[in-house]
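An overview of the molecular structure
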Amino acid sequence: MGPSLSTTAPGKEPEVRAPRPVSATEPDHAPGQRTRKTRNRAGHRPQLALLILAVPAVAFFVVFSYAPMAGLVVAFKDFDVNLGIFGSPWSGLDNFRYFFSSGDAPRILVNTLFLNLLFLAATMLAGISLAVMLNEVRHKLFKRSVQSVIFFPYFVSPIVISIILQVLLAGVGGSGGAANDLLKVFSLPEVSWYTEPGPWPWILTVVKVWQLGGYLSIIFLAAITAIPEEVYEAGMMDGASRAQMALRITVPLLRPTAAVLLVLGIGRIFYGDFGTIYAIVGDNGTLFPTTDVIDTYVFRSLRQLGDFGTTAAIGLFQSVVGFVLVVAAVMVQRRYAKDSSIL
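Residues numbered from 1 in each chain as written. Predicted model: local features only at pLDDT ≥ 70, side-chain atom pairs only at ≥ 80, totals over all residues. Heavy atoms only, no water.

**Side note on the overall build of the protein chain**
Scanning the protein chain from terminus to terminus reveals 14 helices and 2 strands. Buried residues in the protein chain amount to 33% of all 343 residues. Considering only contacts in the protein chain between residues 6 or more positions apart, those separated by 24 or more positions represent 63%. Surface accessibility of the protein chain: about 22000 Å² in total, with carbon and sulfur atoms responsible for 67%. (Helix = DSSP H or I, 4+ residues; strand = E, 2+ residues; numbered from the N terminus. Buried < 20%, exposed > 50% of the residue type's maximum accessible area, 1.4 Å probe, protein only. Contact = heavy atoms within 4.5 Å. Areas by Shrake-Rupley, 256 points an atom, 1.4 Å probe, with all protein chains shown as cover.)

**Let's talk about the side chain of Gln318**
Position of Gln318 relative to the elements: it lies in helix H14 (residues 308-336). Ignoring sequence-local partners within four residues, the contact set of Gln318 consists of Phe270, Tyr271, Ile294 and Asp295.

**A closer look at the environment of Leu316**
Following the sequence through the fold, Leu316 ends up in helix H14. Sequence separation between Leu316 and Leu72 is 244 residues, and the spatial gap between their C-alpha atoms is 6.9 Å. Once residues within four sequence positions are removed from consideration, Leu316 is found in contact with Leu72, Ala75, Phe76 and Phe96.

**So, the packing of aromatic side chains**
All chains considered together, the criterion is met by 15 aromatic pairs. Taken together, a centroid distance of 6.2 Å and an interplanar angle of 90 degrees make the contact between Phe114 and Trp202 edge-to-face. In this pair, Phe114 is assigned in helix H3 (residues 105-135) and Trp202 in helix H7 (residues 200-225), connecting sequence segments 88 residues apart. Residue class for Phe114 comes out partly exposed when judged on its relative accessible area of 39%. Each member of the aromatic cluster is reached from another via a ring pair, and the members are Phe151, Tyr154, Phe155 and Tyr215. The cationic tip of Lys77 hangs over the ring face of Trp90; the distance from NZ or CZ to the ring centre is 4.5 Å. (Phe/Tyr/Trp six-rings, centres within 6.5 Å; stacked < 30°, edge-to-face > 60°. Lys NZ or Arg CZ within 6 Å of the ring centre and 35° of its normal.)

**Side note on the environment of Ile128**
Looking at the element boundaries, Ile128 is found in helix H3. It is 8.1 Å that separates the C-alpha atoms of Ile128 and Leu254, two residues lying 126 residues apart in sequence. Excluding residues that lie within four positions of it along the chain, Ile128 makes contacts with Phe220, Leu254 and Ala258.

**A look at the confidence of the model for the protein chain**
In this model, the protein chain carries an average pLDDT of 80, and 84% of its residues clear a pLDDT of 70 or more. In the predicted structure, residues 1-14 sits below a pLDDT of 50 and forms 14 contacts with residues beyond four places in sequence or in another chain. Within the model, the stretch residues 21-26 combines pLDDT values under 50 with 1 contact to residues more than four positions away or in other chains. (pLDDT = per-residue confidence, 0-100.)

**Re the pattern of salt bridges**
Inspection of every chain in the model, using the stated rule, returns 7 salt bridges. For Asp94, the salt bridge is made with Arg97, and the minimal N-O distance between the two is 2.8 Å. With Asp94 and Arg97 both in helix H2 (residues 94-100) and 3 residues apart, this pair spans about one turn of that helix. Salt bridges here are not isolated pairs; linked through shared partners, they connect Asp104, Arg107, Asp292 and Arg300. (Salt bridge = Lys/Arg side-chain N within 4 Å of Asp/Glu carboxyl O.)

**As for the packing of H7 against helix H10 (residues 255-267)**
Two quantities define a packed helix pair, namely the angle between the axes and the distance from one axis to the other. At a minimum axis separation of 9 Å, H7 and H10 run at an interaxial angle of 145 degrees. Along this stretch, H7 crosses H10, giving a crossing that reads as right-handed. Of the residues in H10, those touching H7 at Leu216, Ile219, Phe220 and Ala223 are Thr257, Ala258 and Leu261. Taken together, the residues of the contact of H7 with H10 sort by class into 6 nonpolar, 1 polar and no charged. (Axes fitted to C-alpha atoms, helices over the stretch in contact; angles between N-to-C directions. Left-handed = near helix turned anticlockwise from the far one by under 90°. Nonpolar A, V, L, I, M, F, W, Y, C, P; charged D, E, K, R; others polar.)

**Observations concerning a nonpolar patch on the surface**
Side chains of Val58, Phe60, Phe61, Val62, Val63, Phe64, Tyr66, Met69 and Leu72 sit close together on the surface and give an oily, nonpolar patch of about 910 Å² of accessible area. Looking at where Val62 falls in the secondary structure, it is placed in helix H1 (residues 36-66). (Patch = residues over 30% accessible without salt bridge, like charges linked within 9 Å, V, L, I, M, F, W, Y side chains within 5 Å.)

**Things to note about the environment of Leu254**
Checked against the element boundaries, Leu254 lands in the loop between helix H9 (242-253) and H10. Under the relative-accessibility criterion, Leu254 is labelled buried at 2%. Sequence separation of Leu254 and Val132 is 122 residues, and the distance between their C-alpha atoms is 9.8 Å. Leaving out residues up to four positions away in the same chain, Leu254 has contacts with Ile128, Val132, Phe220, Ala223 and Ile224.

**Notes on H9**
Under the 1.5 Å per step criterion, the end-to-end length of H9 is 15 Å for 12 residues, consistent within 8% with the ideal 16 Å. Residues of H9 that are buried: Met245, Ala246, Ile249 and Thr250. When H9 is viewed along its axis, its buried side chains cluster within an angular range of 120 degrees and face the same direction. In H9, the exposed positions angled more than 90 degrees off the buried face are occupied by Leu247 and Arg248. (Expected span 1.5 Å × (residues − 1). Arc of directions from axis to C-beta.)

**Thoughts on the packing of H3 against helix H4 (residues 140-151)**
The N-to-C vectors of H3 and H4 enclose an angle of 165 degrees; their axes lie 10 Å apart at closest approach. Between H3 and H4, the crossing angle belongs to the class labelled roughly antiparallel. In terms of crossing hand, the pair formed by H3 and H4 is right-handed. Residues Leu130, Leu134 and Asn135 of H3 touch H4, and the partners they reach there are Lys143, Val146, Gln147 and Ile150. Considered class by class, the residues forming the contact of H3 with H4 number 4 nonpolar, 2 polar and 1 charged. (Parallel < 35°, antiparallel > 145°, perpendicular 65-115°, else oblique.)

What follows is the structure in structure tokens.
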């Protein structure tokens, strides 16, 4: 604090006052003002409350997500049930070599990648298309009814889906089915669907679109509601039609949401939809050339052979590749679409 000038009469030199010494025991704040220590204590209090709230979630992930990772050591052991996980002898990378030299690995890896890419592209396209179309519907009751109808398949059990599909493709007791009846209308030959592996990637894709198209459209509709009305008003003032506004305003502004869902989907691209695929295909070996994925192969190997080491090795391979793909997808997203990056 510098010297202060006191008020004086006109024509006189102003009196210069020396700064008042500050006592060591005098507080450095005005009366009623909180000290720095009090402020810090008050600032830490909300953080402590947040940490306490996070304890159950952290404990959940530690117990159910990280602690079971100790079981991954089975992938490097010649597992014996009598000796247990840690008592079984080490086998190095033999379990991985057994899988990759079995002859099934190329077919399984190609099927897993191809089917998941097909599912991801088709469901994403269906979700965006349904959301854009529903956004243009102005009748609220009709719009909500359609939303409920297309969202319902998400809750249908894979077992029910497999029964519906069997009735459509093979009929009750294998007597035909609606699909073959439709082929007859166009004078096309009947198809024995459950002995022809070729059409099954497309049949499974249709099932996934039916299952997830409505679910994803709800997510995209929620993103559309966040688009400011001023953007559409500006488009109307420029003379854009509703179709032009949908294609040039709505769809481009859905890109961040689509990018997040795409990254999450890529992270699970090495995981087949075991519930749906196994419920539909089961142990039908005729369809394995186009439908056998890593999850169904692991389940079948564990159930028929009881080879814990190889199944654990395949599961570890799935996890590592999935992690690498997620990191790569996030890096690409941060490189080309930094605004929509999730990390």
